[in-house]
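# Structure at a glance
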Amino acid sequence: MRVLLVGNGGREHAIAWRLRRSKSVTEIVCPNGNPGIAREAQTPRVVLQTPAEWAAFALECQCDLVVVGPEAPLAAGVGDACEDRGIAVFGPRADGARIESSKAFAKDVMQAAGIPTARSEAFSDYDKALDYGRSLGLPVVVKADGLAAGKGVAICETGEQLAGALAENLKDGRFGDASRTVLVEEFLRGEEVSILAVTDGQEVFPLVPSQDHKRALDGDLGPNTGGMGAYAPAPVCTDEILSAALTDVLRPAIRELARRGIAYKGVLYAGLMVTDDGLRVLEFNCRFGDPETQVVLPLLDGDLGELMLACCEGRLGELVAPLRPGSPDSAITMRPEHAICLVLASGGYPDAYTTGKVISGLNAADDDSRAVIFHAGTVAGADGEVLTAGGRVLGLTAWGASLEAARDRVYELAGKVSFEGCHFRHDIAHRALSRRNPA
Ligand code: AMP
Ligand code: GLY
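The shown structure was predicted, so the numbers you read here are calculated from the model rather than taken from an experiment.

Moving on, we come to the overall build of the protein chain. Broken down by element type, the protein chain carries 14 helices and 23 strands. In terms of overall dimensions, the protein chain is globule-like: its C-alpha atoms have a radius of gyration of 21 Å, near the 22 Å expected for 439 residues. Along the first, second and third principal axes, the C-alpha set of the protein chain runs to 60 × 50 × 45 Å. A burial count over the protein chain gives 57% of its 439 residues as buried. On the protein chain, roughly 18,000 Å² of surface is accessible, and the fraction owed to carbon and sulfur atoms is 49%. Distance between charge centres in the protein chain, computed from 44 positive and 59 negative side chains, equals 1 Å.

As structure tokens, this is what we get:
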């Protein structure tokens, strides 16, 4: 089948790379894909903005399946437009994407379905929000309701910070419409884990649990970023917690959406906090995580294209049927290995940074069947060189029988790939590694 891939960053490179290794996929078209994606897919330069333009392009390319990477096109209705023209879409329609595009909606779904999450309330009135925030005690969390490019969450340690965060959102309209409503939420302590589950609206299949590294600097210090690296599996998510995530979080969420008339398919991403009192949902996303996808997909065995199409056609159960007497083996499994992705970022990121730096060493993993360099913010230069074009530039990814082996390999690669101002964390997977070797 021919696949149209929407999005052009590191997550989409990982998706394109994995789809290219799927028997069911003959061709991938990824408009404006970066030079890494261009190794796996056609990357025509076209301007596609509205959902209708995407749908028309999908028809023009005779694509059998549209795979949407980022949340913004899903929330804008790219899925609806393509589906309404008869094309299968891996990703929810705009109504389902609200699980990410409105935090208040997500909370409402969680409350209705009895899904464990932090106590919180939605407000558009500043004084009421402040009163409620004070009643929760410090620290307290303020979240813009809508999509805010990962910058909409403020953890307030003091009363001044709480008042400031509420004023930024509700009075100053920092995120425009996205911050007309805020969620004021209880602060949770614990360790975070990301569970990316694929679903056809009925069956839910969790991929291997992973852990992102959101802070810029070693030891989880410094400002928040879009993610400086990830690893999988995350041992904080024991089999018991994974099973609780499935029965208490993922399945009830899909059921509650269905009850509201929303047939959700694609990825449901649960960002969970593992607390002393059990797991709590921090957020839902309506798509694959970035950089989690870069470590999850290399561990997936089976045909990703077929898995995605089965989700669109309500046949997921056939592929992931648990082993039981008389049933065929599951066609999709997670290999029991370990993967690490290390993000190389531009100097200054997540604050202001410059781009256009020449990258060297990009072929360092070409002969390695257990490593790949995923491109995130890169662009082709005029003379065949590859230049930096974003804050997060590359995701050096390796996998193997042990986390240590994967880690050693990504840091070895980091010694071979460079560009001016490049910075990265030196402690990806530290939580998992220190669990095994407590100091
Ligand atoms: P979100 O976009 O909701 O995942 O929030 C971004 C990050 O803020 C999360 O990954 C957590 O690190 C942190 N965060 C969000 N909500 C809470 C909470 N209720 N308690 C503690 N940390 C939180
Ligand atoms: N890694 C966090 C996200 O994709 O939202």
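Now for the sheet that holds strand β1 (residues 2-6). The strands that make up a sheet pair up through hydrogen bonds in the backbone, lying either parallel or antiparallel. Pairing is parallel across the open sheet formed by four strands, whose spatial order is β2-β1-β3-β4. A strand with exactly one partner marks an edge of an open sheet, and here the two such strands are β2 (27-29) and β4 (88-90). Adjacent strand axes in the sheet meet at a mean angle of 25°, parallel and antiparallel pairs treated alike. Across three bridges, the pairing between strand β3 (residues 65-68) and β4 is parallel. Its bridge partner being in β4, Val67 is matched across the sheet by Phe90. Here helix α2 (residues 51-60) sits on the sheet in contact with β1, β2 and β3, set at roughly 155° to β1. Sheet strands in contact with helix α11 (residues 304-312) are β3 and β4, and its direction is about 110° off that of β4.

Attention now moves to the site of ligand 2. As a structural note, the neighbourhood of ligand 2 is formed by Asp212, Tyr269, Asn285, Arg287, Gly289, Asp290 and Glu292. In the model, an oxygen atom of ligand 2 is placed 2.9 Å from a nitrogen or oxygen of the Arg287 side chain. Considering only residue class, the shell around ligand 2 consists of one nonpolar, two polar and four charged.

So, about the sheet that holds strand β10 (residues 204-206). Read across the sheet, four strands follow the order β10-β9-β15-β16 without closing on themselves; strand pairing throughout is antiparallel. Across the chains shown, the open sheet's two edge strands, defined by having one partner strand only, are β10 and β16 (278-285). Averaged over all adjacent pairs, the angle separating strand axes in this sheet is 35°, with direction ignored. Sheet topology places strand β15 (residues 266-275) next to β16; seven bridges connect them, and they run antiparallel. The residue bridging Ala270 from the neighbouring strand is Phe284, located in β16. Lying over the sheet, helix α9 (residues 239-259) contacts β9 (191-199), β10, β15 and β16, oriented at roughly 130° with respect to β15.

Along the chain, Gly152 falls in the loop between β6 (140-144) and β7 (153-156). Through-space distance from the C-alpha of Gly152 to that of Ala178 is 8.7 Å; in sequence the pair is 26 residues apart. Not counting residues up to four positions away in its chain, the partners in contact with Gly152 are Val142, Lys143, Ala144 and Phe175.

Evaluated as defined, the whole model comprises six aromatic pairs. Summarising the aromatic geometry, the rings of Phe123 and Tyr132 are spaced 5.4 Å apart at their centres and angled 45° between planes, so their arrangement reads as tilted. A connected cluster of aromatic rings, assembled from ring pairs, spans Trp17, Phe374 and Trp399. Lying across the ring of Tyr126, Lys171 places its NZ or CZ 3.8 Å from the centre.

Turning our attention to empty space enclosed by the protein. Taken as a whole and judged by the stated rule, the model has one cavity of 30 Å³ or more. Counted as a void, the largest cavity has a volume near 30 Å³. Lining the largest cavity, in full, are Val68, Phe90, Gly91, Val267, Cys286, Arg287 and Phe288. Broken down by class, the residue content of the lining of the largest cavity amounts to five nonpolar, one polar and one charged.

Next up on the list: the nonpolar core. Within the largest apolar cluster, 76 residues are counted, with the highest numbers of intra-cluster contacts made by Val66, Ile99, Leu272, Phe284, Leu394 and Leu396. The element contributing the most residues to this core is α9, with nine residues. Those residues in contact with Leu396 that lie beyond four places of it in its chain are Ile340, Cys341, Leu342, Leu344, Val372, Ile373, Val410, Leu413, Ala414 and Val417. Core analysis: the next-biggest nonpolar cluster, separate from the first, contains 49 residues, Ala41, Val67, Phe205 and Leu297 among them.

Okay, the site of ligand 1 next. As a structural note, the neighbourhood of ligand 1 is formed by 14 residues, with Glu185, Glu186, Leu188, Glu192 and Glu283 the closest of them. Residue Lys143 places a side-chain N or O atom 3.0 Å away from a nitrogen atom belonging to ligand 1. Contact distances for ligand 1 include 2.7 Å between a nitrogen atom and a side-chain N or O atom of Glu185. In the complex, 88% of the free accessible area of ligand 1, which totals 470 Å², lies under the protein chains. Listing elements by their share of the shell around ligand 1, those giving two or more residues are β6, β7, β8 (182-186) and β16. Here the shell around ligand 1 is composed, by residue class, of seven nonpolar, no polar and seven charged.

This part covers the pattern of salt bridges. Should the charged atoms of two oppositely charged side chains come close, the side chains can pair. Inspection of every chain in the model, using the stated rule, returns 35 salt bridges. As a salt-bridge pair, Arg407 and Asp408 come within 3.3 Å of each other at their nearest N and O atoms. Here Arg407 falls in the partly exposed class, since its relative accessible area comes to 27%. The structure contains a network of salt bridges with shared partners spanning Asp80, Glu83, Asp84, Arg93 and Lys265.

Basis of the calculations
Residues numbered from 1 in each chain as written. Chains lettered and ligands numbered in written order. Predicted model: local features only at pLDDT ≥ 70, side-chain atom pairs only at ≥ 80, totals over all residues. Heavy atoms only, no water. Helix = DSSP H or I, 4+ residues; strand = E, 2+ residues; numbered from the N terminus. Rg over C-alpha atoms; globule rule 2.2 N^0.38 Å. Buried < 20%, exposed > 50% of the residue type's maximum accessible area, 1.4 Å probe, protein only. Areas by Shrake-Rupley, 256 points an atom, 1.4 Å probe, with all protein chains shown as cover. Lys, Arg positive; Asp, Glu negative; His and termini not counted. Charge placed at Lys NZ, Arg CZ, Asp CG, Glu CD. Pairing = 2+ DSSP bridges. Axes fitted to C-alpha atoms, helices over the stretch in contact; angles between N-to-C directions. Contact = heavy atoms within 4.5 Å. Near = heavy atom within 4 Å. Polar contact = N/O pair within 3.5 Å; in protein donor to acceptor, adjacent residues only side chain to side chain. Nonpolar A, V, L, I, M, F, W, Y, C, P; charged D, E, K, R; others polar. Phe/Tyr/Trp six-rings, centres within 6.5 Å; stacked < 30°, edge-to-face > 60°. Lys NZ or Arg CZ within 6 Å of the ring centre and 35° of its normal. 1 Å grid on protein atoms, 1.4 Å probe; cavity = no way out; pocket = protein on both sides within 12 Å on 5 of 7 lines; lining within 4 Å. Points joined across faces, edges and corners; volume = space filled by probe spheres on them. Core = buried A, V, L, I, M, F, W, Y, C linked by side-chain atoms within 4.5 Å. Salt bridge = Lys/Arg side-chain N within 4 Å of Asp/Glu carboxyl O.

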